[in-house]
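Residue-level structure breakdown
Residues per chain, in single letters:
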Amino acid sequence: MVHDARVAALCRHHGVRELWIADRDFGRFPGLKVRNPLAG
């Protein structure tokens, strides 16, 4: 979870608002919208 928090913090710092990833764990971080590119 520490690694996920670091990635989420870096995304927010650089203005990334949406993360396309199949990992649902990133949904717990506020301000970061998660989309699964594999879901239909």
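These lines cover the structure that appears in this document, whether it is placed above or below. Small disclaimer: the values here were computed from a predicted structure and weren't measured.

1. Some words on the side chain of aspartate 4
Among the structural elements, aspartate 4 can be located in helix α1 (residues 2-13). With no salt bridge to any partner, buried aspartate 4 finds its closest opposite charge in arginine 28, at an N-O distance of 6.0 Å.

2. Brief notes about the packing of aromatic side chains
Per the counting criterion, the structure on display carries 1 aromatic pair. Consider the rings of phenylalanine 26 and phenylalanine 29, whose centres lie 6.2 Å apart with planes at 50°: the pair is tilted. Under the relative-accessibility criterion, phenylalanine 29 is labelled buried at 16%.

3. A word on the nonpolar core
When a protein is soluble and globular, its nonpolar side chains tend to lie buried together. Counting 6 residues, the largest nonpolar core consists of Ala8, Cys11, Leu19, Phe26, Phe29 and Leu32. Non-local contacts of cysteine 11, meaning those with residues more than four positions away in its chain, are made with Val16, Leu19 and Leu32.

Reading guide: rules and limits
Residues numbered from 1 in each chain as written. Predicted model: local features only at pLDDT ≥ 70, side-chain atom pairs only at ≥ 80, totals over all residues. Heavy atoms only, no water. Helix = DSSP H or I, 4+ residues; strand = E, 2+ residues; numbered from the N terminus. Buried < 20%, exposed > 50% of the residue type's maximum accessible area, 1.4 Å probe, protein only. Lys, Arg positive; Asp, Glu negative; His and termini not counted. Salt bridge = Lys/Arg side-chain N within 4 Å of Asp/Glu carboxyl O. Phe/Tyr/Trp six-rings, centres within 6.5 Å; stacked < 30°, edge-to-face > 60°. Core = buried A, V, L, I, M, F, W, Y, C linked by side-chain atoms within 4.5 Å. Contact = heavy atoms within 4.5 Å.

By themselves these figures say nothing about function.
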